[in-house]
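Secondary and tertiary structure notes
Below are the chains, spelled out letter by letter.
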Amino acid sequence: PLINHINEIIKSNKKHLLEYKKLNKKFKESITSISHDIRTPLTSAGGYIQMIKGNTLTEEEKDTYLNIIMDKFNVLKLLLDQLFEYARLDGGEITLNIEDINAENVFTDTLALYYEAFCKKGIEPEITLLEKKCMVQADVNALKRIFSNILYNALVHGEEGYKMSVEEQDEYYVFCFSNKAEPMNEEELSNIFERFYIRDTGKEKKTTGLGLAIAKRFVEQMGGKIYARYQNEVFSVVVELKKDK
């Protein structure tokens, strides 16, 4: 009957309107978050520059403030770089070069890049390897980005108990990054890979909330899986990549 058809159209329009409102709200929240994250380090750096220009500081104080300014601008650069990368991913502008890759080599090479950062925290991560070729079909640069983003996130938010491992499970090679963390509920875990999501722990923000979102996009483009879990005070990010048969 015509009346039923009209009712279906009305229901469909209402559904689309609600979806549009949700997307519009998320867009506005994203813009607000980006604006805040850009303004905060700029404002802070500007304050320290004014103090240096005041000519009332010792050379040691100037060096300290210059290091702080550099740190603020590095945070800003990270935000802009990841924002640009995510926008390109979202727009389908990044084409992956899929080839045979030994993923364990990429894993260990990326860990080596962060060795000094772990040392500065006085931490020696526990690393478990298969010590065999873990051949997968992947883009080497995307895989480096995935591991790098996860490690950076762990360094910023973790404190101790760092463990990184490679395991073999059925048709997958499994790369696990773990560290001790404050309790997390299911809602927080489900939001980990959402863009701009940063868990509110009361600490200064040093991440953009885009790193894990970018990692997820790359993993999924390569046919893999990525997920987070929290068990016995340990937070883990797990990447599963299909074996190259």
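Given the structure is predicted, the values throughout are model-derived calculations rather than measurements. (Residues numbered from 1 in each chain as written. Predicted model: local features only at pLDDT ≥ 70, side-chain atom pairs only at ≥ 80, totals over all residues. Heavy atoms only, no water.)

Once that is clear, we can look at the packing of aromatic side chains. If you walk through the whole model with that rule in mind, you get seven aromatic pairs. Judged by centre distance (5.2 Å) and plane angle (45°), the ring pair of Phe-147 and Phe-175 falls under tilted. One end of the pair, Phe-147, is in helix 5 (residues 140-157); the other, Phe-175, is in strand 5 (residues 172-180), with 28 residues separating them in the sequence. Each member of the pair, Phe-147 as well as Phe-175, is classed as buried. Connected via pairs of aromatic rings, a cluster forms that spans Phe-107, Phe-147, Phe-175 and Phe-177. If you follow Lys-243 out to its NZ or CZ, it ends over the ring of Tyr-173, 5.4 Å from the centre. (Phe/Tyr/Trp six-rings, centres within 6.5 Å; stacked < 30°, edge-to-face > 60°. Helix = DSSP H or I, 4+ residues; strand = E, 2+ residues; numbered from the N terminus. Buried < 20%, exposed > 50% of the residue type's maximum accessible area, 1.4 Å probe, protein only. Lys NZ or Arg CZ within 6 Å of the ring centre and 35° of its normal.)

This brings us to the confidence of the model for the protein chain. Detailed reading of predicted coordinates is not advised where the pLDDT is low. Summing up the model confidence of the protein chain, the mean pLDDT is 83 and the portion of residues at 70 or higher is 87%. Counting interchain partners and residues more than four positions distant, the pLDDT-below-50 stretch residues 201-205 has seven contacts. (pLDDT = per-residue confidence, 0-100. Contact = heavy atoms within 4.5 Å.)

This paragraph deals with unusual backbone geometry. For Asp-170, which is not a glycine, the phi torsion comes out positive at approximately 50°. By the secondary structure assignment, Asp-170 is in the loop between strand 4 (163-169) and strand 5. Using a relative accessible area of 68% as the deciding quantity, one classes Asp-170 as exposed. Phi angles above zero are rare outside glycine, and Glu-233 is one such case at about 65°. Among the secondary structure elements, Glu-233 is positioned in the loop between strand 6 (225-231) and strand 7 (234-242).

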